[in-house]
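What follows is the residue order along each chain.
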Amino acid sequence: MFPDYDVIVVGAGHAGCEAAAAAANLGSKVLLVTMNMQTIAQMSCNPAMGGIAKGQIVREIDAMGGYSGIVTDESMIQFRMLNRSKGPAMWSPRAQSDRMMFATKWREMLENTPNVDFYQDMVKGLVIKEGKAEGVITGLGHEIRSKAVVLTNGTFLNGIIHIGEKNFGGGRAAEKAATGITEQLVSLGFESDRLKTGTPPRVDGRSLDYSKMEEQPGDDDMTGFSYTDTVKPKQQRSCWITYTNQQVHDILKTGFDRSPMYAGRIDGVGPRYCPSIEDKISRFAERDRHQLFIEPEGWNTVEIYVNGFSTSLPEDVQYEALRTVPGFENVRIFRPGYAIEYDYFPPTQLRHTLETKLISGLFFAGQINGTTGYEEAACQGLMAGINAHQKVKELAPVILERSQAYIGVLIDDLISKGTEEPYRMFTSRAEYRTLLRQDNADSRLTELSYKLGLASQERMDRVTAKKAEVEQIKALLKEISFEPSEINPFLATLGSSPILEKQKSEKILLRPDVDLPAMITATEKLKSKLDQFSKEAIEQASIQIKYDVYIEKERELVSRMSQLENLEIPESFDYKKIQSLGSEAREKLHRIRPRTLGQASRISGINPSDVQILMVFMGR
Ligand SMILES: Cc1cc2nc3c(=O)[nH]c(=O)nc-3n(C[C@H](O)[C@H](O)[C@H](O)COP(=O)(O)OP(=O)(O)OC[C@H]3O[C@@H](n4cnc5c(N)ncnc54)[C@H](O)[C@@H]3O)c2cc1C
């Protein structure tokens with residue numbers, strides 16, 4: 001019934017969809033096996049993509065030729081560029097999506113991707129022969145063969161859902177948990193552990209009083225995520241802001257004795273940076289209110305996501321507490337909030353390619369690796385899909401460095417440091433934040449992806465044309481100078497001090513309060529020369545000029561660090577023989593087997609003197 005495949009992807013969540021698309025677009029024959037074809041690319045929690053650091057990841061996925069950016073652009077109901085008041089390195093796009101459209105669009109994109117077959121079934125086990133993954137065994141009893149397998153099971157492995165004192169098996173509300181895989185992998189020597197996450201109640205928007213909330217409209221300028229010409233909506237839907245209060249907190253506390261968290265029924269560790277409302281009121285007891293974002297779930301639905309009110313307290317407590325939130329006095333709940341516990345595999349068991357060290361041809365991506373978030377999952381899926389293809393076609397692995405992409409930072413963090421709590425991306429995790437901006441993901445990554453055969457010719461041509469435009473703009477800004485009389489009226493409108501003698505536009509642009517588009521609009525001299533260039537190229541040139549010093553500093557740092565990053569440690573290196581290393585360092589290095597000295601230096605517990613000892617033993 002089934003042909004042999006190059007790559008089988010298990011699970012059609014954010015990681016699985018990107019993995020299937022990437023491997024298939026590179027030319028592998030792919031089967032995507034998922035438990036329920038109605039829930040392909042389901043957004044399990046809030047219907048939003050991007051945000052701080054996560055937005056950069058979506059831009060990187062797009063630059064690499066993945067689909068998440070396109071799907072988000074074409075399903076968004078609101079777009080905002082966060083952190084606009086800070087420097088461009090911190091700007092982060094975020095979109096509120098129509099949950100149903102997001103899933104429909106993903107399915108449509110995958111169905112239109114040649115080389116992707118689908119099958120709805122639960123994978124119960126893997127076919128492993130002589131340490132190699134050779135296919136999967138499904139619940140309906142099929143043995144389907146492949147040269148590589150990518151596991152992207154999300155929160156489904158032995159998932160248990162908790163609402164107050166009730167708990168039951170499930171991978172997500174109203175969906176079965178997946179069994180069999182953890183047990184088999186543990187019997188093969190894998191380590192697994194438990195994590196937990198939670199989600200807020202969804203409510204009926206018709207029962208809310210928005211006059212008691214603050215409106216939060218989208219940006220006028222919907223840049224979006226994709227570097228391609230996606231169709232953005234003509235209108236947007238607003239979100240709303242309201243707050244909890246002391247009364248809400250007091251009611252929530254009445255449910256603590258029935259809470260699965262506080263009664264010790266949940267063992268798994270939760271996401272520290274995305275805490276439940278009960279965690280917030282006990283950890284930040286001094287705060288008398290917490291902000292809630294009231295987010296519509298789509299264009300044609302009254303369902304509302306109550307962002308900030310994640311909870312697993314009993315339903316009656318959720319209801320009573322919500323009713324005391326301003327605007328929620330008459331609230332009707334559609335679905336209660338809940339927590340879920342699930343199995344994950346500590347990611348130090350993986351290589352940089354996301355292939356497991358124990359079983360050749362077996363790749364893990366997404367929440368199964370201890371991460372949280374769609375963006376974190378999707379980018380791992382993309383890289384696992386690429387590397388599964390490379391492996392079966394006997395091509396070189398593709399590894400993004402920490403200086404190249406947030407995706408590189410994420411994977412390197414996971415496999416070097418592991419994680420004991422759900423890992424989410426933050427800008428602070430990246431040491432080269434000025435280089436890894438959301439605006440330049442295309443120039444950082446598209447060429448690499450194009451050479452691989454993933455990014456299209458059209459994408460590559462766009463990047464080349466944009467780079468050329470940026471250089472021309474920078475050259476013009478070096479060339480065009482202003483007399484005080486020509487530019488001082490504009491500077492006066494900004495409250496910026498006047499120039500006293502002729503100055504190059506490039507120099508004027510270095511002032512923090514001067515914005516290039518505004519300067520072009522205000523001065524005929526620039527307008528006549530720069531009006532022909534695209535908005536993106538103008539923005540890019542401006543950022544490059546303004547941040548030149550910082551960009552150069554980070555480039556120097558990258559080149560200094562590359563001495564360590566380029567020093568590869570042979571796979572067979574015997575750490576146990578090096579008695580001068582402490583026992584913790586020996587054990588960790590032996591277990592993690594870092595690819596380079598740079599990676600070794602980032603393993604927690606490895607200090608600079610350990611790295612120096614390794615250098616000596618490597619003949620350096
Ligand atoms: C209740 C809840 C709350 C969450 N809260 C947050 C949050 O606050 N913030 C945040 O950033 N993220 C949150 N998340 C996490 C976010 O949903 C995930 O990070 C993201 O969806 C992970 O993507 P994934 O592709 O790894 O897995 P999922 O999106 O979970 O997809 C897994 C897919 O695999 C399929 N599958 C699983 N096992 C099998 C099998 N054996 N055979 C066949 N198919 C299988 C499933 O049907 C599903 O399609 C939450 C998730 C849940 C469930």
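Scroll up to find the structure this text is about.
On a predicted model such as this, the values are computed, not experimentally measured, just so you know. Sequence positions are assigned chain by chain, starting from 1 and proceeding in written order. Given that the model is predicted, a residue must reach a pLDDT of at least 70 before its local features are reported, and side-chain atom pairs must reach 80 or more before they are shown or counted; all residues, however, enter totals for whole chains, interfaces and linings. Computation of side-chain values covers all heavy atoms of the structure but excludes hydrogens and water.

Colleague: Just to check I follow, could you spell out the overall build of the chain for this structure?
Modeller: Secondary structure elements follow DSSP: runs of H or I of four or more residues count as helices, runs of E of two or more count as strands, with numbering from the N terminus. When you go through the chain residue by residue, the secondary structure sums to 21 helices and 22 strands. Each radius of gyration reported is based on C-alpha atoms, and the globular scaling rule is 2.2 Å times the count of residues to the power 0.38. On C-alpha atoms alone, the chain measures out to a radius of gyration of 26 Å, which is about the 25 Å that the 2.2 N^0.38 rule sets for 620 residues. Each of the three principal axes of the chain carries a C-alpha extent, and together these read 80 × 70 × 55 Å. Each residue's exposure class comes from its accessible area (1.4 Å probe, protein chains only) as a fraction of the maximum for that residue type: buried when under 20%, exposed when over 50%, partly exposed otherwise. Burial status across the chain gives 59% buried among its 620 residues. Here the contacts in the chain between residues at least 6 apart in sequence split such that 72% fall between residues at least 24 apart. Taken as a whole, the chain presents about 25600 Å² of accessible surface, with 50% of it coming from carbon and sulfur. Counting rule applied: Lys, Arg positive; Asp, Glu negative; His and chain ends not counted. Here the site of a charge means atom NZ of a Lys, CZ of an Arg, CG of an Asp or CD of a Glu. Separation of charge centres in the chain, based on 76 positive and 83 negative side chains, amounts to 2 Å. The contact criterion used is simple: two residues touch if any of their non-hydrogen atoms lie within 4.5 Å. With residues, only the protein chains shown are counted as cover, and all accessible areas are computed by Shrake-Rupley using a 1.4 Å probe.

Colleague: Help me understand the environment of Gly453 in this model?
Modeller: By the element assignment, Gly453 lies in the loop between helix 11 (441-452) and helix 12 (457-479). A sequence separation of 426 residues divides Gly453 from Gly27, and the C-alpha atoms of the two residues are 8.8 Å apart. Once you skip the residues sitting within four places of it in the chain, Gly453 turns out to touch Asn25 and Leu26.

Colleague: Explanation requested: the pairing of strand 16 (residues 291-296) in the structure shown.
Modeller: The side chains of a regular strand alternate, first on one face of the sheet and then on the other. Two strands are said to pair when DSSP picks up at least two bridges between them. In this sheet, strand 16 lies alongside strand 15 (residues 239-243) in antiparallel orientation, the contact comprising four bridges. Considered in strand 16, the bridge of Tyr243 is made with Gln291. Joining the antiparallel neighbours strand 16 and strand 17 (residues 303-307) is a turn of six residues.

Colleague: What's the story with the site of the ligand in this structure? I'm lost.
Modeller: The full set close to the ligand counts 35 residues, and His14, Ala15, Val123, Gln367 and Gly373 are the nearest of them. For the purposes of these results, a polar contact is taken to be a pair of N or O atoms within 3.5 Å, where, inside protein, one atom must be able to donate a hydrogen and its partner to accept one; residues adjacent in sequence count only when each atom of the pair is a side-chain atom. Within the backbone of Gly198, an N or O atom sits 3.2 Å from a nitrogen atom of the ligand. One of the backbone nitrogen or oxygen atoms of Gly373 is found 2.7 Å away from an oxygen atom of the ligand. For the ligand, the protein covers 97% of the area, taking 980 Å² as the surface of the free molecule. For the shell around the ligand, the elements supplying multiple residues, two or more each, are helix 1 (14-26), strand 2 (30-34), strand 12 (193-199), strand 19 (338-344) and helix 9 (374-392). For the shell around the ligand, the leading source of residues is strand 12, giving three residues. Under the grouping applied here, Gly and all other residues not named as nonpolar or charged are polar, the nonpolar ones being Ala, Val, Leu, Ile, Met, Phe, Trp, Tyr, Cys and Pro and the charged ones Asp, Glu, Lys and Arg. Residues belonging to the shell around the ligand are distributed by class as follows: 16 nonpolar, 16 polar and three charged. Whether a residue is near a molecule or strand depends on its heavy atoms: if one lies within 4 Å, it is near.

Colleague: I keep staring at the sheet that holds strand 15 and nothing clicks. Help me out?
Modeller: Each strand in a sheet pairs with another by means of backbone hydrogen bonds, the pair being arranged parallel or else antiparallel. Reading across the sheet, the six strands line up as 14-15-16-17-13-18 and stay open at both edges, with antiparallel pairing between neighbours. Each edge of the open sheet is held by one strand with a lone partner, namely strand 14 (214-216) and strand 18 (333-335). Ignoring which end each strand starts from, the neighbouring axes of this sheet average 35 degrees apart. Lines fitted to C-alpha atoms define the axes, with helix axes restricted to the stretch in contact, and inter-axis angles between N-to-C directions lie between 0 and 180 degrees.

Colleague: Would you mind showing me how to read the nonpolar core here?
Modeller: It is characteristic of soluble globular proteins that their nonpolar side chains tend to be buried jointly. What makes a nonpolar core is a set of buried Ala, Val, Leu, Ile, Met, Phe, Trp, Tyr and Cys residues whose side-chain atoms join them at distances within 4.5 Å. Within the largest apolar cluster, 99 residues are counted, with the highest numbers of intra-cluster contacts made by Leu151, Leu362 and Met383. If one sorts the elements of this core by residue count, helix 9 sits on top with ten residues. Discounting residues that sit within four places of it in the chain, Met383 has contacts with Met64, Thr353, Leu354, Val398, Leu400, Ile407 and Ile411. Ranked by size, the runner-up nonpolar core spans 23 residues in total, among them Ile499, Leu509, Met519 and Phe533.

Colleague: Explanation requested: helix 17 (residues 535-546) in the structure shown.
Modeller: Expected span of a helix: the number of residues minus one, times 1.5 Å. The first and last C-alpha atoms of helix 17 sit 17 Å apart over twelve residues, in line with the 16 Å expected at 1.5 Å per residue. Here helix 17 has its buried residues at Ala537, Ile538, Gln540, Ala541, Ser542, Ile543 and Ile545. Looking at the buried positions of helix 17, the neighbouring elements they touch are helix 12, helix 14 (505-509), helix 15 (516-522), helix 16 (524-530) and helix 18 (548-565).

Colleague: In this structure, what is going on with helix 8 (residues 315-322)? I would like to understand it.
Modeller: Residues spaced three or four apart along an α-helix point in a common direction, a consequence of the helix completing one turn every 3.6 residues. Turning to helix 8, its buried residues number three or more, namely Val317, Gln318, Ala321 and Leu322. Here the buried residues of helix 8 occupy an arc of 125 degrees about the axis, which is enough to place them on one side. An arc is given here, and it is the one of the directions from the helix axis to the C-beta atoms.

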